[in-house]
2 protein chains.
Amino acid sequence: MVRTYSHAPRTRQERTADSRALILDAAVDCLVEHGYSGASTLVIQAKAGVSRGRLLHHFPSRDGLLVAAANHLATNRLKQTEERAAARLEDAPEGPERVDRCIELLWTTFHEPHFWAAMELWTAARTNPALASALRPEERGLHAAIRSVTDRIWGPEIRANARYDEMRKLLFTSMRGAAMPYTFEDRPPSTDPHVELWKATARRMLFDE
Amino acid sequence: MVRTYSHAPRTRQERTADSRALILDAAVDCLVEHGYSGASTLVIQAKAGVSRGRLLHHFPSRDGLLVAAANHLATNRLKQTEERAAARLEDAPEGPERVDRCIELLWTTFHEPHFWAAMELWTAARTNPALASALRPEERGLHAAIRSVTDRIWGPEIRANARYDEMRKLLFTSMRGAAMPYTFEDRPPSTDPHVELWKATARRMLFDE
DNA sequence: CTAGAAACAGTCGGGATTGACCGCTAAGAC
DNA sequence: GTCTTAGCGGTCAATCCCGACTGTTTCTAG
């Protein structure tokens, strides 16, 4: 069957950009919904609502598609975190009371779709060298960006603390480690006992002594 | 082709136990080598060196096999940790010097094959309810056991410390979180900068103030 | 000792997945 | 205006994987 293009006339650049974004968004969604092994090209193309030809034209191999999805995810994840941070930063208090708010805010970023998508990619990267090479530089940049966002969340006052850097690293890794079991636990992460632990530890590290 | 059994005569119980162990060990190996999606029943049966009939007789479905592999892994992981701990505990000093040794020992458990196998299962469990249900009780038991092993590693002196429990939880989750990026990083985990951070933090939590 | 079930061995069909491929349309260079 | 090529649409062959199934041997209960 032959079908004429129904799109409004567009430049090639626009078309390519649209197609890629459409497909990559779908790929990330599928990663979240079905996991790495369930994110087949067929499922992705269905989710994106594109033809097989269109998908394969832009991403000739599944590996390449998922590598691109990894990069796509990194930039999006950062953008989202920045927006969210900006939104919740306005009425944030200073001093010790700010600690609790910050920890709660940071903890939420560890059970969002983007986090799970990233985890799928990390896990898959362990046995997929192409994916690992793609992830390495991307995650480095992302990490630096995450750090700057985190710094803004905590605010200049806390950031000036001598123990701030240690606390930041410790909480970041601890939260990631605590988030993992929620792949199979179904209770709400917001009630995680670690939250209180983090609050107490952060307060002690920053304000005691 | 018809082939007579070449095995020495054995009871059914023994045979079943042998077959299951053989297959489950292979399944865990495949999980480590090829990841969850690469651990197909065909690959596992090849690794185990068993016929298709033998594999399917004991594990009629791939899901069931991987669920069983999860349980198998849990018990083995614990056993191994206990042995290792016992071996390295003998000449361990007491007091602050013990802290460094303990942290190094604990950190090694986060880049062993068993850890990666568990991570594959956790990740897969997120989009696989059957696996998630199997993991939940198993991990609960494992967690309790891990805790008791950890307690013995730290020793009674440190364990008596008021902040011990907080420190233990914090380090455990932080190590897990710090271990994840090593799916795509290829530098040696033993040089991870977090190690120094953990040592400093633990010492301060336990002995300062 | 004998029946019946467990413990295999090996084959096969159905379904899913991947990427090659052929053909067409429209964008953009000249 | 024409010509080249990017951007698709849709089909197909090859492959892989899972689990059903058939047949055979060994254990074990009675």
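What you see is a predicted model; the values in this text were computed from it and never measured.

Superposing chain B onto chain A requires a rotation of 180 degrees together with a translation of 0.0 Å along the rotation axis, leaving an RMSD of 0.1 Å. Here the copies are linked by what is in effect a two-fold axis.

What surrounds DNA strand C is a group of 26 residues, the closest being Arg-12 and Thr-41 of chain A together with Thr-16, Ser-51 and Arg-54 of chain B. Within 4 Å of the protein, the contacting atoms of DNA strand C are 66% sugar and phosphate, with bases supplying the remainder. A distance of 3.4 Å is found between a phosphate oxygen of DNA strand C and a side-chain nitrogen or oxygen belonging to His-57 of chain B. The separation between a phosphate oxygen of DNA strand C and a polar side-chain atom of His-58 of chain B is 3.0 Å. Listing elements by their share of the surface near DNA strand C, those giving two or more residues are helix H2 (41-48) and helix H3 (52-58) of chain A together with helix H1 (12-38) and helix H3 (52-58) of chain B. Top contributing element to the surface near DNA strand C by residue count: H3 of chain B, with five residues. Its residues assigned to classes, the surface near DNA strand C comprises seven nonpolar, 10 polar and nine charged.

Further remarks concern the UniProt feature "domain: HTH tetR-type" (unreviewed entry) in chain A. As annotated in UniProt, the feature "domain: HTH tetR-type" (unreviewed entry) corresponds to residues 17-77 of chain A in the numbering used here. Taken end to end, residues 17-77 of chain A comprises 87% helix and 0% strand; its first and last C-alpha atoms sit 19 Å apart.

The sites that carry the UniProt feature "DNA-binding region" (unreviewed entry) are, in the present numbering, residues 40-59 of chain A. Its end C-alpha atoms 13 Å apart, residues 40-59 of chain A is made of 75% helix and 0% strand.

Here Thr-173 of chain B shows up in helix H8 (residues 164-179). Beyond its immediate sequence surroundings of up to four residues, Thr-173 of chain B is in contact with Thr-173, Ser-174, Gly-177, Ala-178 and His-194 of chain A.

If you look at the interface, chain B gives 42 residues, while chain A gives 42 residues. When the two sides are added together, the surface that chain B and chain A hide from each other amounts to roughly 3,700 Å², 60% of it contributed by carbon and sulfur. On the surface where chain B and chain A come into contact, there are eight salt bridges. A salt bridge links Arg-140 of chain A to Glu-185 of chain B; the nearest nitrogen and oxygen atoms lie 3.3 Å apart. The interface formed by chain B and chain A holds 19 residue pairs in polar contact (both at pLDDT 80 or more) in total. Where the side of chain B that touches chain A is concerned, the elements lending two or more residues are H1, helix H6 (113-125), helix H7 (129-159), H8 and helix H9 (194-207) of chain B. Ranked by residues supplied to the side of chain B that touches chain A, first place goes to H8 of chain B with eight residues. A per-class count over the side of chain B that touches chain A returns 17 nonpolar, 11 polar and 14 charged.

Where helix H8 (residues 164-179) of chain A meets H9 of chain B, the axes come as close as 11 Å, and the angle between the chain directions of the two elements is 105 degrees. One finds that H8 of chain A runs roughly perpendicular with respect to H9 of chain B. The residues of H9 of chain B that touch H8 of chain A, namely those facing Glu-166, Lys-169, Leu-170 and Thr-173 of chain A, are His-194, Leu-197, Trp-198, Thr-201 and Arg-204 of chain B. A per-class count over the contact of H8 of chain A with H9 of chain B returns three nonpolar, three polar and three charged.

How each quantity is defined
- Residues numbered from 1 in each chain as written.
- Chains lettered and ligands numbered in written order.
- Predicted model: local features only at pLDDT ≥ 70, side-chain atom pairs only at ≥ 80, totals over all residues.
- Heavy atoms only, no water.
- Least-squares fit on C-alpha atoms with pLDDT ≥ 70 in both.
- Near = heavy atom within 4 Å.
- Polar contact = N/O pair within 3.5 Å; in protein donor to acceptor, adjacent residues only side chain to side chain.
- Helix = DSSP H or I, 4+ residues; strand = E, 2+ residues; numbered from the N terminus.
- Nonpolar A, V, L, I, M, F, W, Y, C, P; charged D, E, K, R; others polar.
- UniProt positions renumbered as here; feature names shortened; annotations may be inferred.
- Contact = heavy atoms within 4.5 Å.
- Buried area = accessible area lost by both parts, 1.4 Å probe.
- Salt bridge = Lys/Arg side-chain N within 4 Å of Asp/Glu carboxyl O.
- Axes fitted to C-alpha atoms, helices over the stretch in contact; angles between N-to-C directions.
- Parallel < 35°, antiparallel > 145°, perpendicular 65-115°, else oblique.

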